[in-house]
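What follows is the residue order along each chain.
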Amino acid sequence: MHAATGVAWDEAAERYEGWLDEAIELIRGGGSNLFPEEVELLGDLHGQCRRAIHLQCAGGRDTLSLWRLGADEVVGVDLSPRMIDLARRLTAATGAPASWFVSDVLDTPHELDGTANLVYTGRGSLLWLQDLDAWAAVVARLLVPGGRLVLFEGHPFEWLVDGDEDGRWALTDYDYFARPEASRGWSPGFIDHLSIPDGQQHWKFSRAWTLGEVVTAVAGAGLRIERLVESPRDWWSGHSDIAPGERGRLPLSFGLIATITSRPASPTGRGQA
Ligand SMILES: C[S@@+](CC[C@H](N)C(=O)[O-])C[C@H]1O[C@@H](n2cnc3c(N)ncnc32)[C@H](O)[C@@H]1O
């Protein structure tokens, strides 16, 4: 399922390519693409973060935003070669201290183990993964002792609601406890239509991990949950049809901070507690 989803994302990288000039201008100008909620969770990284690793980094715009927020060096990992190629072009245009890896997040190279003061991920990432315990174990092995995971993601509750014709919240028929679903094509307003017709695009697999599953996976990998915050932030503008008076009262995203005090044993035997 991951491999198929990676091919679908490689196709979707076409949309991100169209945003490259905008991303270059933003990063060159010292800007950040992250939401205020994320900046608040991350805090000032200046002098605090030698290396930040961004899992599922797409075209690198959010990764280089971490550099702009003060990380000395950033590393991005993504399954799509076309996304990583885009991230490399963004790096070349901005001179950022960044390195990039094409990899399934679950196979993140072991050379990065125990090197991250910060692992950042989110904004449409976890839904593409089929094994959250394996993902959390990767986060744990990447962090230096005392290092932090900062996650900012779509709230699973968001899958249960949509706007009706009057712009009021209405329940969808989504099952909160559903298993992965296969789909083709992308939402209007986000990736939308690509040069490959929807019906000829690759199948991809997504699922809304429940809040309980996310927290349990992170804690199960030996990280200590420091904060879990819910927010009405419409993180991908998926609910712009909601009437202004209706906005702000439902959780559409969440943030989580977790720290690790010691690293789990790695297959190489390095970095044992
Ligand atoms: C919505 S994007 C990431 C969010 C990012 N904030 C953005 O939009 O710029 C999802 C990314 O996850 C990547 N991805 C999906 N499954 C993956 C996996 N198993 N391992 C690594 N990357 C994966 C896709 O290639 C895509 O670039």
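Worth saying up front: this structure is predicted, and the values here are computed from it rather than measured.

## Description of the nonpolar core
Next, step 1: With 42 residues, the main nonpolar core has W9, L42, L66, L118 and W186 as its most contacted residues.
Next, step 2: At the level of secondary structure, the elements contributing two or more residues to this core comprise helix 1 (2–17), helix 2 (20–28), helix 3 (36–42), helix 4 (61–68), helix 5 (81–94), strand 4 (116–122) and strand 5 (143–154).
Next, step 3: L66 has contacts with L34, L42, L45, A52, H54, A71, V74, L118 and Y120, leaving out every residue within four places of it along the chain.

## With respect to the sheet that holds strand 3 (residues 98–102)
Next, step 1: What the seven strands build is an open sheet, ordered 3-2-1-4-5-11-10; its pairing is mixed. The sheet is open, and its two borders are formed by strand 3 and strand 10 (224–231), each paired with just one other strand. Averaged over all pairs of adjacent strands, the angle between strand axes in this sheet comes to 15°, irrespective of strand direction.
Next, step 2: With four bridges joining them, strand 1 (residues 51–55) and strand 4 adopt parallel strand pairing. Of the residues in strand 4, the one forming a bridge with I53 is V119.
Next, step 3: Sheet strands touched by helix 4: strand 1, strand 2 (73–78), strand 3 and strand 4. Its angle to strand 2, the strand with the most contacts, is close to 165°.
Next, step 4: Across the sheet, helix 6 (residues 132–142) is in contact with strand 1, strand 4 and strand 5; its angle to strand 5 comes to roughly 140°.

## Points about helix 4
Next, step 1: Counting buried positions over the eight residues of helix 4 gives seven, a clear majority of the element.
Next, step 2: When we look at burial in helix 4, the residues that qualify are R61, D62, T63, L64, S65, L66 and W67.
Next, step 3: Looking one or two places after helix 4, you find G70, whose phi comes out positive at around 125°.

The rules behind the values
- Residues numbered from 1 in each chain as written.
- Predicted model: local features only at pLDDT ≥ 70, side-chain atom pairs only at ≥ 80, totals over all residues.
- Heavy atoms only, no water.
- Core = buried A, V, L, I, M, F, W, Y, C linked by side-chain atoms within 4.5 Å.
- Buried < 20%, exposed > 50% of the residue type's maximum accessible area, 1.4 Å probe, protein only.
- Helix = DSSP H or I, 4+ residues; strand = E, 2+ residues; numbered from the N terminus.
- Contact = heavy atoms within 4.5 Å.
- Pairing = 2+ DSSP bridges.
- Axes fitted to C-alpha atoms, helices over the stretch in contact; angles between N-to-C directions.

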